[in-house]
Amino acid sequence: MELRAVKGMNDILPDEAVRWQRLEAAFREHVRLHGYDEVRTPILESTALFQRQIGETTDVVEKEMYSFERHGDALTVRPEGTAGAARAYVEHKVHAKEPVSRWYYLGPMFRGERPAKGRYRQFYQAGCEVYGDPGPLADAEMIEMVASLLARLGIPEVEVRVNSLGASGTRERYRNALLGHFTPMRDKLSEDSQRRLEKNPLRILDSKDPRDREAAATAPSILELLDETDSAHFEGVKKHLDALGVRYVVDPTLVRGLDYYTRTLFELRTTTGDLGSQNTLVGGGRYDNMIEGLGGPKVPAIGFAMGIERLLVMMGGDEKRESPFCYVAPLSEELASRALVLGRDLRRLGVRVEVDGRGGKLKAMLRRADALGAKLCVILGEGEIERGVVAVKDLAKHEQEEIALADAAKVLAERAAKLSEGGDARGAR
Ligand code: ATP
Ligand code: MG
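Participant: It is not clear to me how the site of ligand 1 should be interpreted in this structure. Could you clarify?
Facilitator: For ligand 1, the set of nearby residues contains 15 residues, the closest of which are Arg111, Glu113, Arg119, Lys208 and Arg256. Arg119 places a polar side-chain atom, nitrogen or oxygen, 2.8 Å from an oxygen atom of ligand 1. Taken together, the elements giving at least two residues each to the shell around ligand 1 come down to strand 6 (122–131), strand 10 (280–286) and strand 11 (301–307). Split by residue class, the shell around ligand 1 holds 5 nonpolar, 4 polar and 6 charged.

Participant: When you look at the sheet that holds strand 8 (residues 249–250) in this model, what are you seeing that I'm missing?
Facilitator: Consider a sheet: its strands pair through backbone hydrogen bonds, and that pairing is either parallel or antiparallel. Reading across the sheet, the 8 strands line up as 1-5-6-11-10-9-7-8 and stay open at both edges, with mixed pairing between neighbours. Two strands lie at the open edges of the sheet, namely strand 1 (37–38) and strand 8, each paired on one side alone. Bridge analysis of strand 5 (residues 101–110) against strand 6 gives 10 bridges, and the strand direction is antiparallel. In the strand pairing of strand 6, Trp103 is matched with Glu129. Here helix 1 (residues 14–33) sits on the sheet in contact with strand 1, strand 5, strand 6 and strand 11, set at roughly 160° to strand 5.

Participant: I'm lost on the packing of aromatic side chains in this one. Help?
Facilitator: A ring pair, where both rings are aromatic, is described by two values, the distance of the centres and the angle of the planes. Counting across every chain of the model gives 7 aromatic pairs. Seen in terms of ring centroids, Phe27 and Tyr104 are 5.5 Å apart; in terms of plane orientation they differ by 85°. Their pairing is edge-to-face. Remark: Tyr104 occurs in strand 5 and Phe27 occurs in helix 1; sequence separation between them is 77 residues. Assigned by exposure class, Phe27 and Tyr104 land together as buried. Geometrically, the ring pair formed by Tyr89 and Tyr131 is stacked, given 4.2 Å between the ring centres and 20° between the ring planes.

Participant: Would you mind showing me how to read the packing of helix 2 (residues 47–54) against helix 4 (residues 82–91) here?
Facilitator: Working note: a packed helix pair is described by the angle between its axes plus the distance between those axes. Viewed as axis vectors pointing N to C, helix 2 and helix 4 meet at an angle of 105°, and their least axial separation amounts to 10 Å. One finds that helix 2 runs roughly perpendicular with respect to helix 4. Of the residues in helix 4, those in contact with Leu49, Phe50 and Gln53 of helix 2 are Ala83, Gly84 and Arg87. A class-by-class count of the residues in the contact of helix 2 with helix 4 yields 3 nonpolar, 2 polar and 1 charged.

Participant: What's the story with the sheet that holds strand 4 (residues 73–77) in this structure? I'm lost.
Facilitator: With respect to topology, 3 strands assemble into an open sheet ordered 2-4-3, the strand pairing being antiparallel. Strands with a single pairing partner mark the edges of an open sheet, and in this sheet they are strand 2 (44–46) and strand 3 (66–70). Each strand axis lies, on average, 40° off the axis of its neighbour in the sheet, ignoring direction.

Participant: Which parts of the structure should I look at to understand the layout of surface pockets?
Facilitator: Empty space among the atoms becomes visible once a probe the size of a water molecule is rolled across them. In this model, the second largest pocket occupies a volume close to 380 Å³. Residue assignment for the lining of the second largest pocket shows that the elements contributing at least two residues are helix 2 and helix 6 (168–182). No other element matches the 4 residues that helix 6 contributes to the lining of the second largest pocket. Residues that form the lining of the second largest pocket fall into these classes: 6 nonpolar, 7 polar and 6 charged.

Participant: Explain the pairing of strand 12 (residues 326–330) here, please?
Facilitator: Within a regular strand, the side chains alternate between the two sheet faces. The element strand 12 is extensively covered by neighbouring structure, given that 5 of its 5 residues are classed as buried. What you see with strand 12 is no split at all: Cys326, Val328 and Pro330 on one side and Tyr327 and Ala329 on the other are buried throughout. Pairing of strand 12 with strand 13 (residues 353–355), which is carried by 3 bridges, proceeds in the parallel orientation. Bridge pairing links Tyr327 to Glu354 in strand 13. Following the chain from strand 12 across helix 13 (residues 336–348) to the adjacent parallel strand 13, one finds a crossover that is right-handed.

Participant: Even after reading the chapter, I still don't get the packing of helix 13 against helix 16 (residues 408–421), so can you show me in this structure?
Facilitator: Packing of helix 13 against helix 16 leaves a shortest axis separation of 9 Å and a crossing angle of 45°. With respect to helix 16, the axis of helix 13 lies oblique. Every pair of crossing elements has a handedness; the one defined by helix 13 and helix 16 is right-handed. Residues Leu342, Asp345 and Leu346 of helix 13 form the contact with helix 16, whose own contacting residues are Ala408, Ala409, Leu412 and Ala413.

Cut-offs applied
Residues numbered from 1 in each chain as written. Chains lettered and ligands numbered in written order. Predicted model: local features only at pLDDT ≥ 70, side-chain atom pairs only at ≥ 80, totals over all residues. Heavy atoms only, no water. Near = heavy atom within 4 Å. Polar contact = N/O pair within 3.5 Å; in protein donor to acceptor, adjacent residues only side chain to side chain. Helix = DSSP H or I, 4+ residues; strand = E, 2+ residues; numbered from the N terminus. Nonpolar A, V, L, I, M, F, W, Y, C, P; charged D, E, K, R; others polar. Pairing = 2+ DSSP bridges. Contact = heavy atoms within 4.5 Å. Axes fitted to C-alpha atoms, helices over the stretch in contact; angles between N-to-C directions. Phe/Tyr/Trp six-rings, centres within 6.5 Å; stacked < 30°, edge-to-face > 60°. Buried < 20%, exposed > 50% of the residue type's maximum accessible area, 1.4 Å probe, protein only. Parallel < 35°, antiparallel > 145°, perpendicular 65-115°, else oblique. 1 Å grid on protein atoms, 1.4 Å probe; cavity = no way out; pocket = protein on both sides within 12 Å on 5 of 7 lines; lining within 4 Å. Points joined across faces, edges and corners; volume = space filled by probe spheres on them. Right-handed = clockwise from strand over helix to strand, strands pointing away. Left-handed = near helix turned anticlockwise from the far one by under 90°.

Take a look at the structure:
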């Protein structure tokens, strides 16, 4: 039997990982400027955590989770990052140590969905959570942070959508309004939506089924049901976004796939069409009841998550893996140890080096150095070593010279440094 990666789960080979690293570095740097610090929580959590926080009638909990039992515990491989981070926040009583916490995370999530471009069973999310800040300033600041990150990554044609779900009272009223709207057209809804109609009619607004989309198009707007304080909160978010120059669309049908949201919801979508219906790049919102629901105090919270694979599709770029600066070629087995020592000394000085371990003729080793994109090939031959020198071949200029073995590492490291000042030491394969 041929063993292959699990369906919907991807290998990221080094050529591709270069772009991942650029995205991740840009994300970390961008959120660092906004005061966020990293949190790392386990990939496995109690199944009950997701059932309760995400909601029993959501797609994620109903059909997408990888859940199993081991040693008598019901466990789930995390489908998202917010619930685990909130659990950690409560478990470690972070609220008692600092009034406002800004956390970010980055890592794999797992959902048993039907794979498509931009939709996988293991996928990566980067996300942020703010605890202890009721907004609306925090909400607008977070939305601007995400929008400017996507701009920084060069992602074109991004649309920001915002909505407000109000607090829980509004949701109850809206549920009834939706029931009134959808019940007469029940037969026209998808099977999933017919089943969920009484339990959670909000889900229908989030469905991708064309039958549900049509029925949802004429649904009442939640914004008309907001009470005064929720309305004022939402107005505040929009006012700050206007001040920041963030363009957005108010979308009253935006409810998002997880049950824990309250008040502000937002999504950033790409409108280029490259990702088909996987066009949501970032989803987020406020979840002011979760911390209390997990047994903590009443601490408001807001967060977002973005799908790394989808951002990478939009990001473009053709970075290459880094080449070694030096390729060290020992011309005989007796010189292998010397080659290793020179390699080690160069690395101590911060130079990327590969030492040829395969041996053979000089010509073959030069070809290998060239194929790797090395700038220099350092040749260790018997005759040269006896004279206390090494030959250094510049592979681009096709020039060769000799330098003293004793200070070869220092001389070569200086050259690498000089090149990197010119911004060119990181040659590409
Ligand atoms: P969608 O509507 O596309 O299914 P979602 O509402 O389920 O997305 P969230 O749970 O809010 O998505 O996750 C936030 C982001 O994570 C999404 O906007 C998307 O970029 C990414 N994402 C979600 N599920 C997947 C997946 N199966 N494969 C790749 N990326 C995903
Ligand atoms: Mg989904």
